[in-house]
Protein chains: 2
Amino acid sequence: MAKSGRLSVAMVGTTHPGNLGAAARAMGSMGVARLLLARPEARPADPEAVARATASHAPILAQAAVHPDLGAALADVRHAYAFTVRRRELAPPAYAMRAAARRISRQLAAGRDVALVFGPEQEGLRNDETDLCDAIATIPLARARGSLNVAAAVQIACYECMLARAAAAEPPPKDGEPPAAKKEIVSLLAHLDATLQEYPVRHPSLRARMMRRLALLLGRAKPSSADARMLRGFLAHLDRRRRGPPL
Amino acid sequence: MAKSGRLSVAMVGTTHPGNLGAAARAMGSMGVARLLLARPEARPADPEAVARATASHAPILAQAAVHPDLGAALADVRHAYAFTVRRRELAPPAYAMRAAARRISRQLAAGRDVALVFGPEQEGLRNDETDLCDAIATIPLARARGSLNVAAAVQIACYECMLARAAAAEPPPKDGEPPAAKKEIVSLLAHLDATLQEYPVRHPSLRARMMRRLALLLGRAKPSSADARMLRGFLAHLDRRRRGPPL
């Protein structure tokens, strides 16, 4: 299995030291340790930042990498998700947070580094910054014009990513044999149709409805190749009996 | 349809005014407007609280009801969820946040008032306070000994409740006719078994395996009563043909 990619939070142009600290605590609580700072206005060593991070998560601030711009901060990153509420004319594809988290967990599992990118408190990300990101992530809000505190957005994003990674780490549900190929289903339905031709019904339309019911049942039952062979074996037996002497 | 219940956030013994304001903004962003304060140490009118709420959500603080204790704050509430990380010997049943949100959305849809209850920043809820709640909600954390800022916990809780209510408001998936009663399936399987008795197999164990395959297929197909009748009609036809002259 490939080595898992690293998940980072990139904060761009953050102006309030308290938000840096609160974001570090939000990240740490959800197991995200790598903080990238691009053109920060606030210093990660500011006492208010350190206090808000709490002793448990202050190391995240101390180890944060400071970069002059987002491009430098994302140098090693393969996938970047821009968090923005502003609608833009030209923009990368947008995903609601929960769907974004599932994508991110697959990208990390494939060994690729991923960054969650958050803009300055007032202005949000610039267009040239969202253009560096290959996707937009949106956190649903009760009202379209509201906005989250940046550390609150970091909290929800890291929470969703942690849950998505935990869900992906669970073994896939055991559903036994893989479903048959569609061509096997088509043959089985054709065989069923031929067998049904001799079923005595008052109206031909009833036979057509029976076929639809059988097709829908098979669609839900998702027979495996072995199931399909077994059913066709049984139908072949009926055929032989019809053609041969009665039992 | 019953009138939907009200969702409230109850904050107990909050000491930091900034946390009151941040919680109000977190609530408002997710459409929760009712804030109940029990034995608060910080004043909701504190300038830091008002600033952190932002102008959009300051009305939540202004309209917050202040009570001397949690019992008074929850007077009209039917279901209360205590947010706590501390393990207690005697405690109400605990739900992970996402499962709790699904329960809460059903309780609100049934017209019952629900409160999310958050304790003081340092000490958390007292036992007599969790005992007033009929459930514990836990927000998953990366490390068992970590803790969230109280406003961050309010943010995640309100976000999960908003998403669960939105999902519940969608029309239920159309899966057509309801599944047949188990007794219909039992009769159908018995009929199939009788029909299979005349199927020529080398080993009786093969017939038993075919029956298991058919039973599992039916379990996945979830036939409706009409499907079950149709299948039994077809089997009855095979029976008649076997007993009567060959076609």
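What you are looking at is a predicted structure, and each value in this text was computed from that prediction instead of being measured.

## With respect to the environment of G124 of chain A
Note on placement: G124 of chain A falls in the loop between β6 (114–118) and α5 (127–130). C-alpha of G124 of chain A to C-alpha of H79 of chain A: the two residues are 45 residues apart in sequence and 19 Å apart in space.

## Describing the packing of helix α4 (residues 97–109) of chain B against helix α6 (residues 150–169) of chain B
Residue and element names in this part refer to chain B. Two elements in contact, α4 and α6, have axes whose closest approach is 8 Å; the angle formed by their N-to-C orientations is 55°. As summarised for this structure, α4 and α6 are arranged oblique, according to the angle between their axes. The two elements α4 and α6 meet at a crossing, and its hand is right-handed. Residue-level inspection shows M97, R98, A101, R102, I104, S105 and L108 of α4 in contact with α6, the latter providing I156, A157, E160, C161, A164, R165 and A168. Among the residues forming the contact of α4 with α6, the class breakdown is nine nonpolar, one polar and four charged.

## Thoughts on the domain arrangement of chain A
Each domain of chain A was delimited in the assignment, giving domain 1 (7–169) and domain 2 (182–243). A separation of 55 Å is found between the C-alpha centroids of domain 1 of chain A and domain 2 of chain A.

## Describing a positive patch on the surface
On the surface, a cluster of positive charge is contributed by K182 and K222 of chain A together with K182 and K222 of chain B. In this structure, K182 of chain B sits in helix α7 (residues 182–196).

## Here's the deal with the relation of the copies chain B and chain A
Rotating chain B by 180° and moving it 0.0 Å along the rotation axis overlays it on chain A with an RMSD of 0.1 Å. What the rotation and shift describe, once combined, is the action of a two-fold rotation axis. Across chain B, the rotation axis passes nearest the C-alpha of A221 of chain B, at a separation of 2.0 Å. Residue by residue, 100% of the interface of chain B is reproduced at the interface of chain A, so both copies engage with the same surface.

## Regarding the packing of helix α1 (residues 17–29) of chain B against helix α2 (residues 47–62) of chain B
Residues and elements named next belong to chain B. Contact pair α1 / α2: the axes reach a minimum separation of 7 Å and the direction vectors enclose 35°. Considering only the axes of α1 and α2, their crossing is left-handed. On the side of α1, the interface is formed by P17, G18, L20, G21, A22, A24, R25, M27, G28 and S29, while α2 contributes E48, A49, R52, A53, T54, H57, I60 and L61. Its residues assigned to classes, the contact of α1 with α2 comprises nine nonpolar, six polar and three charged.

## Some points on the sheet that holds strand β3 (residues 65–67) of chain A
Residues and elements named next belong to chain A. An order of β3-β2-β1-β6-β4-β7-β5 is seen for the seven strands of this open sheet, with the pairing classed as parallel. Looking along the sheet, the strands with just one partner apiece sit at the ends: β3 and β5 (94–96). Sheet twist, expressed as the mean angle between neighbouring strand axes with direction ignored, is 25°. The pairing of strand β1 (residues 7–12) with strand β2 (residues 34–38) spans five bridges and is classified as parallel. Its bridge partner lying in β2, M11 is registered against L37. Against the sheet, helix α4 (residues 97–109) makes contact with β1, β4 (79–83), β5, β6 and β7 (135–138), and its axis sits at roughly 105° relative to β5, the strand it touches most.

## A few points about the interface of chain B and chain A
Listed by partner, the interface residues are 52 residues for chain B and 52 residues for chain A. Between chain B and chain A lies a buried interface of about 4,600 Å² when both sides are counted; carbon and sulfur atoms form 59% of it. Of all residues in chain B, Y159, R213 and M230 of chain B bury the most surface against chain A, accounting for 13% of the area lost on that side. Where chain B meets chain A, there are six salt bridges. Taken together, the links from chain B to chain A amount to 18 residue pairs in polar contact (both at pLDDT 80 or more). Elements that contribute at least two residues to the side of chain B that touches chain A include exactly α1, α2, α4, α6, α7, α8 (204–221) and α9 (225–243) of chain B. With 10 residues, the single largest contributor to the side of chain B that touches chain A is α9 of chain B. Its residues assigned to classes, the side of chain B that touches chain A shows 27 nonpolar, 12 polar and 13 charged.

## A short note on the packing of aromatic side chains
Residue and element names in this part refer to chain A. Taken as a whole and judged by the stated rule, the model has two aromatic pairs over all chains. A ring pair is formed by F83 and F118, whose centres lie 4.3 Å apart and whose planes are at 20°; its orientation type is stacked. Highlighted residues: F83 in strand β4 and F118 in strand β6, separated in sequence by 35 residues. The exposure class assigned to F83 is buried, which follows from its relative accessible area of 10%.

## Concerning the sheet that holds strand β2 (residues 34–38) of chain B
All names here are of chain B. With parallel pairing, seven strands are arranged side by side in an open sheet as β3-β2-β1-β6-β4-β7-β5. Strands with a single pairing partner mark the edges of an open sheet, and in this sheet they are β3 (65–67) and β5 (94–96). Strand-to-strand twist of the sheet, defined as the mean angle between neighbouring strand axes without regard to direction, takes the value 25°. When strand β4 (residues 79–83) meets strand β6 (residues 114–118), the two strands line up parallel, connected through five bridges. Each bridged residue has a counterpart across the sheet, and for A80 the counterpart in β6 is A115. On top of the sheet, α1 reaches β1 (7–12) and β2; it is set at about 170° to β1, its chief contact.

## A word on the pattern of salt bridges
Under the counting rule described, the total for this entry stands at 16 salt bridges over all chains. As a salt-bridge pair, D113 of chain A and R6 of chain A come within 2.9 Å of each other at their nearest N and O atoms. Here D113 of chain A is found in the loop between α4 and β6, whereas its partner R6 of chain A is found in the segment before β1, with 107 residues between them in sequence. You can call R6 of chain A partly exposed: its relative accessible area is 40%. For R98 of chain B, the salt bridge is made with E160 of chain B, and the minimal N-O distance between the two is 2.8 Å. Of this pair, R98 of chain B sits in helix α4 while E160 of chain B sits in helix α6; the two residues are 62 residues apart in sequence, bridging distant segments of the chain. Of the residues examined, R98 of chain B reaches a relative accessible area of 22% and is grouped as partly exposed. The exposure class of E160 of chain B is buried, given its relative accessible area of 2%. The network of salt bridges with shared partners includes R39, R126, D128 and E129 of chain A.

Calculation rules
- Residues numbered from 1 in each chain as written.
- Chains lettered and ligands numbered in written order.
- Predicted model: local features only at pLDDT ≥ 70, side-chain atom pairs only at ≥ 80, totals over all residues.
- Heavy atoms only, no water.
- Helix = DSSP H or I, 4+ residues; strand = E, 2+ residues; numbered from the N terminus.
- Axes fitted to C-alpha atoms, helices over the stretch in contact; angles between N-to-C directions.
- Parallel < 35°, antiparallel > 145°, perpendicular 65-115°, else oblique.
- Left-handed = near helix turned anticlockwise from the far one by under 90°.
- Contact = heavy atoms within 4.5 Å.
- Nonpolar A, V, L, I, M, F, W, Y, C, P; charged D, E, K, R; others polar.
- Domains from an automatic or database assignment.
- Patch = residues over 30% accessible without salt bridge, like charges linked within 9 Å, V, L, I, M, F, W, Y side chains within 5 Å.
- Areas by Shrake-Rupley, 256 points an atom, 1.4 Å probe, with all protein chains shown as cover.
- Salt bridge = Lys/Arg side-chain N within 4 Å of Asp/Glu carboxyl O.
- Lys, Arg positive; Asp, Glu negative; His and termini not counted.
- Charge placed at Lys NZ, Arg CZ, Asp CG, Glu CD.
- Least-squares fit on C-alpha atoms with pLDDT ≥ 70 in both.
- Pairing = 2+ DSSP bridges.
- Buried area = accessible area lost by both parts, 1.4 Å probe.
- Polar contact = N/O pair within 3.5 Å; in protein donor to acceptor, adjacent residues only side chain to side chain.
- Phe/Tyr/Trp six-rings, centres within 6.5 Å; stacked < 30°, edge-to-face > 60°.
- Buried < 20%, exposed > 50% of the residue type's maximum accessible area, 1.4 Å probe, protein only.

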